[in-house]
2 protein chains.
Amino acid sequence: MSDLEELVGRARAGDRGATARLISVVERRAGAGEPIGIADLWSARPRVVVGVTGSPGAGKSTLVDRLVGAWRTRGHRVGVVAVDPSSPFSGGAILGDRVRMQGHTHDPDVFIRSVATRGALGGLARSVPEIVRLLGLVGYDLVVIETVGVGQVEVEVVGEADVTVVVITPGWGDAIQANKAGIMEIADLFVINKADRAGLAETRRDLVAMLDLGHREPRPPILETVATSGEGTDAVAEAVVALAAELDDRGILKSRVAARRRRAVERVIVDRVLRAAADADQAVWAQVEAGTVDPGAAADALLDALEIAPGHGARGGSSDE
Amino acid sequence: MSDLEELVGRARAGDRGATARLISVVERRAGAGEPIGIADLWSARPRVVVGVTGSPGAGKSTLVDRLVGAWRTRGHRVGVVAVDPSSPFSGGAILGDRVRMQGHTHDPDVFIRSVATRGALGGLARSVPEIVRLLGLVGYDLVVIETVGVGQVEVEVVGEADVTVVVITPGWGDAIQANKAGIMEIADLFVINKADRAGLAETRRDLVAMLDLGHREPRPPILETVATSGEGTDAVAEAVVALAAELDDRGILKSRVAARRRRAVERVIVDRVLRAAADADQAVWAQVEAGTVDPGAAADALLDALEIAPGHGARGGSSDE
């Protein structure tokens, strides 16, 4: 048995240190585009993967903290992957959020891991899905991917979830931001957090109007919470699990998983091809940099010269005969 | 002479209708990944391409409006490509901004074009650079790429600029957002707009601290403006042109242009390969969707089967003999 498999065994038995070490391996190898080397990882999957996203300051971490608690009382083993901006300047508030989560520190059936975004869009897109699979492999049946902010990164990362929760607050700005980033199109459920604040009715009305224009099927429910006091959070925890079951029944989950798997393969293809292209005909790249060849012609020349799959022989090469 | 070349001739002579029609052609063809079919487009380049980005509400459009005016009085022909979220819900404010720009409507040497972002990240990445080149081809020597927001899209699109201006306002939130999105790393010049508001000194101090941590070379200057009154905007217009000259002298511009050209080629390669892969061995894709093959093995199989460059013959195929 390999070291990794031994770690998997220990992680399954509840050793969170082993889980942490496995995630580090997965994160590093996935980030570098290397094979992960853990048997059965690819086909592993938590029973439900929940994406939680929304503007900074919407109270996502507090909400997630409450949801984790609610799911724990229902017997789930819960993993949280928190995708954080790692800037030293935003560290304060966000570290504060993370610290809040530490209420679950002594619960062996809760595992929380932060991953950083700084300058690593491609890396995150590769590593987050693998971390989620790993958590599934070692027995966390409910995994949350929490993102800070609503940019393109978040949309991509949240695309790895089965059910996506978008958290907004009373006030119109959030909804505009969310919509702009295309997150409206991926929301399965809206939570208006800080629902004790002014502007709740307008925000709900605007959200309903926005949903009327779209054609999300099933139509995303809109729930209200005050995460700081816990008001409404149990209902969200239940709605998420119910929604996952409904999406599964309707076959929607299956097609989402299939699309996700296709994307994972596309990422590997893109990585390999671009790496091979970078090593291909340097005379062509010199022309590209000098602007003396247009991109279409350069792509033709590079793809033509390409040894596409390293170790699989050159394309159309005479040595094939 | 083709219709397009005739249009180029008319656009060069100052016919903005011809420029508008050319941009529509370029946008459509680039978006669809088709060859543009305009001679010399690839090597065309405005003398200076300026990216302007920052949070919504930072006053970018008003600032750009002032800069356009300042550059016009210095004899530049100015093009503006405004990258807009096209959501019906954010339309109000942003259309308002666009309307403000109409002060230049009757100036034949100013050309303003909005392009939409909705659900078209890849499309924008392909079309914006081509539009910028087209504006260069027809004689706009100074082109502004203005983006709304500070997400990954913006970072990618602004990557097409020679000089990048990041607009913030007094208040800490903007800076966090900008930093999170990685826009700090691409800023050549900071403008603190609405500099008559409270919090200016703190914002400047925070920005200086942030720059102290980084190692942008040359270190980005920080200028202050009140765009609504025009205060400080002439200085920004001059600083941008001076900075472009400095970056050119130091050879930095040359390497940015080279990197940009490489990215353009990579985009074509990725498009072609993914399209070809999607059409390749469907049995492999079925296994991918079912989760019975891991991404690495699937990529191997697909790349092996791939007819990489359509029209160039199958890789290693027996028909080559």
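Looking at an unreviewed UniProt entry, one finds chain A named LAO/AO transport system ATPase, with Acidimicrobium ferrooxidans as its source organism.

## Comments concerning the overall build of chain A
Across its full length, chain A holds twelve helices and seven strands. By sequence separation, contacts in chain A at least 24 residues apart represent 77% of the contacts at least 6 residues apart. Carbon and sulfur atoms make up 52% of the accessible area of chain A, which amounts to about 13,000 Å² in all.

## Concerning the pattern of salt bridges
Residues and elements named next belong to chain A. Evaluation of the coordinates by the stated rule reveals 42 salt bridges over all chains. Residue E6 pairs with R10 through a salt bridge whose shortest N-O separation is 3.7 Å. Placement of both E6 and R10 in helix α1 (residues 3-12) is noted, with a separation of four residues, approximately one turn of the helix. Connected via shared salt-bridge partners are R72, R77, D107 and D109.

## Points about the packing of helix α9 (residues 233-249) of chain A against helix α10 (residues 252-279) of chain A
Residues and elements named next belong to chain A. Interhelical geometry of α9 versus α10 gives an angle of 85 degrees and a closest axis separation of 4 Å. Here α10 runs roughly perpendicular to α9, going by the angle between their axes. For the pair α9 and α10, the contacting residues are A244, L247 and D248 in the first and I252, L253 and R256 in the second. For the contact of α9 with α10, a count of residues per class yields four nonpolar, no polar and two charged.

## Remarks on the confidence of the model for chain A
Residues and elements named next belong to chain A. Overall, the predicted model of chain A reaches an average pLDDT of 82, with 81% of residues at or above 70. pLDDT under 50 marks residues 86-99. Its contacts with residues more than four places away, or in other chains, come to 26 contacts. Segment residues 309-321: pLDDT under 50, and 24 contacts once partners within four positions in sequence are set aside and those in other chains are kept.

## Some details on the pairing of strand β4 (residues 142-147) of chain B
Residues and elements named next belong to chain B. Summarising burial for β4: six of the six residues are buried, a large majority. Pairing of strand β1 (residues 48-54) with β4 involves five bridges; the strand directions are parallel. By the bridge assignment, V50 is partnered in β4 with V144.

## A few points about helix α2 (residues 16-31) of chain A
Residue and element names in this part refer to chain A. Buried within α2 are the following residues: A18, T19, L22, I23, V25, V26 and A30. Taken end-on, α2 shows its buried residues confined to a sector of 165 degrees, consistent with a single buried face. Two residues or fewer past α2, G33 is found with a positive phi of approximately 75 degrees.

## Overview of the environment of A70(A)
All names here are of chain A. Looking at the element boundaries, A70 is found in helix α3 (residues 60-73). According to the relative accessible area criterion, A70 is buried, its value standing at 4%. It is 9.2 Å that separates the C-alpha atoms of A70 and V236, two residues lying 166 residues apart in sequence. If near-sequence neighbours (up to four positions away) are discounted, A70 is found in contact with D234 and A237.

## A look at the side chain of E160(A)
Residue and element names in this part refer to chain A. Along the chain, the position of E160 falls in the loop between α6 (152-158) and β5 (163-168). E160 sits in the buried class, given a relative accessible area of 6%. Within the structure, E160 has its side chain in polar contact with the side chain of R267 (distance 3.5 Å).

## Some points on the environment of E217(A)
Residue and element names in this part refer to chain A. The topology assignment puts E217 in the loop between α8 (200-213) and β7 (222-224). Judged by relative accessible area, which is 54%, E217 ranks as exposed. Sequence separation between E217 and D188 is 29 residues, and the spatial gap between their C-alpha atoms is 8.7 Å. Those residues in contact with E217 that sit more than four places away from it in its chain are R250 and I252. A polar side-chain atom of E217 sits 3.0 Å from a polar atom in the side chain of R250.

## Quick look at unusual backbone geometry
One non-glycine residue, D40(A), adopts positive backbone phi at about 70 degrees. For D40(A), the position within the fold is in the loop between α2 and β1 (48-54). Positive phi, close to 55 degrees, is recorded for K194(B), a residue that is not glycine. The topology assignment puts K194(B) in the loop between β6 (189-192) and α8 (200-213).

What counts and what doesn't
- Throughout this document, residue positions are counted from 1 along each chain, in the order its sequence is written.
- To read the labels, note that chains go from A and ligands from 1, taken in the order they are written.
- At least 70 in pLDDT is required for a residue's local features to be given in this predicted model, at least 80 for side-chain atom pairs to be given and counted, and no such filter applies to totals for whole chains, interfaces and linings, which use all residues.
- Calculated side-chain values reflect all of the structure's heavy atoms, with hydrogen atoms and water omitted.
- Here a helix means four or more residues in a row that DSSP labels H or I, a strand means two or more in a row labelled E, and each is numbered from the N terminus.
- Contacts were defined at the residue level, with two residues in contact if any of their heavy atoms lie within 4.5 Å.
- Values of accessible area rely on a 1.4 Å probe in the Shrake-Rupley scheme; residue burial ignores everything except the protein chains shown.
- A pairing counts as a salt bridge when a side-chain nitrogen of Lys or Arg comes within 4 Å of a carboxyl oxygen of Asp or Glu.
- Under this scheme, a helix contributes an axis fitted over its contacting stretch, all axes are lines through C-alpha atoms, and angles between N-to-C directions fall in the 0 to 180 degree range.
- Convention used here: angles under 35 degrees read as roughly parallel, angles over 145 as roughly antiparallel, angles from 65 to 115 as roughly perpendicular, and any remaining angle as oblique.
- Amino acids are sorted into nonpolar (Ala, Val, Leu, Ile, Met, Phe, Trp, Tyr, Cys and Pro), charged (Asp, Glu, Lys and Arg) and polar (every other residue, Gly among them).
- Summary of the metric used: pLDDT quantifies the predictor's per-residue confidence within the range 0 to 100.
- Throughout this description, buried means an accessible area under 20% of the type-specific maximum (1.4 Å probe, protein chains only), exposed means over 50%, and partly exposed covers the range between.
- Two strands pair under a simple rule: DSSP has to find at least two bridges between them.
- Throughout, the arc means that of the directions going from the helix axis to the C-beta atoms.
- Polar contact is the term for a pair of N or O atoms within 3.5 Å; when the atoms are in protein, one must be able to donate a hydrogen and the other to accept it, and sequence-neighboring residues count only if both atoms are side-chain atoms.

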